[in-house]
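Residue-level structure breakdown
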Amino acid sequence: MGNFELAQVNISRMKAPLDDESFRDFVDALEPVNAIADRAPGFVWRLQTEDGDATSVRAFEWDVRGTSGILVNMSVWTSVEALADFVFSGEHLAVLKRRREWFHRVQDVMTALWWVPAGYRPTTADAEAKIKHLRVHGPTPEAFTLKQHFSPTAGAREGDPGWLCPA
């Protein structure tokens, strides 16, 4: 992809505050899963505070909808394939399969992917705009999904059928 990198954001509506006992397994998995992501082939960057994660980042407040808050995960990868390889493997997949324990099931789009110039680090404002765009317009070159994604210079491509969330 050379001049472009893949940004991704996924948000989740929490069923309880992070310090609630019901979130213990999720919180305990954050550091090891983030460390695996940091070493994953194709990983470039992830949103984090000085604590090493993004749990204290406040964004998407307009989407809270009576929940205990929104968790934001945002990262940059070299390719759609590199992101999918991480998302659907190992310890990340184990946590992903348990997400209904911690996060509300929703019909809204909660994940968006988009291309950024190499070296650009997206902001939460960028991410909010991409989620909103995807909710209104569906997958387009401006914001898309793993299931239907776009290359930075060509048309739509279907994702690998194995990239559909198994949980």
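Going by the structure above, here's the rest.
Quick summary incoming for the structure in this document. This one's a predicted model, so the numbers in the text were calculated from it and none came from an experiment.

Rules of the game
- Residues numbered from 1 in each chain as written.
- Predicted model: local features only at pLDDT ≥ 70, side-chain atom pairs only at ≥ 80, totals over all residues.
- Heavy atoms only, no water.
- Salt bridge = Lys/Arg side-chain N within 4 Å of Asp/Glu carboxyl O.
- Helix = DSSP H or I, 4+ residues; strand = E, 2+ residues; numbered from the N terminus.
- Buried < 20%, exposed > 50% of the residue type's maximum accessible area, 1.4 Å probe, protein only.
- Contact = heavy atoms within 4.5 Å.
- Polar contact = N/O pair within 3.5 Å; in protein donor to acceptor, adjacent residues only side chain to side chain.

Bringing the pattern of salt bridges into the picture now. On inspection of all chains with the given rule, the structure shows 11 salt bridges. Linking Asp25 and Arg98 is a salt bridge whose minimum nitrogen-to-oxygen distance equals 2.8 Å. Pair noted here: Asp25 is in helix H1 (residues 24–39) and Arg98 is in the loop between helix H3 (90–97) and strand E4 (111–117), with a separation of 73 residues, a long-range link. By relative accessible area, Arg98 is classed as partly exposed at 30%. As a salt-bridge pair, Arg46 and Asp38 come within 2.7 Å of each other at their nearest N and O atoms.

Another aspect to go through is the environment of Asp53. Summarising the element assignment, Asp53 is placed in the loop between strand E2 (43–46) and strand E3 (70–77). For Asp53, a relative accessible area of 15% gives the class buried. Separated by 23 residues in the primary sequence, Asp53 and Leu30 place their C-alpha atoms 7.5 Å from one another. The residues contacting Asp53, other than those within four sequence positions of it, are Leu30, Asn34, Arg46, Leu47 and Gln48. A distance of 2.7 Å separates the side chain of Asp53 from the side chain of Thr55, its partner in a polar contact.

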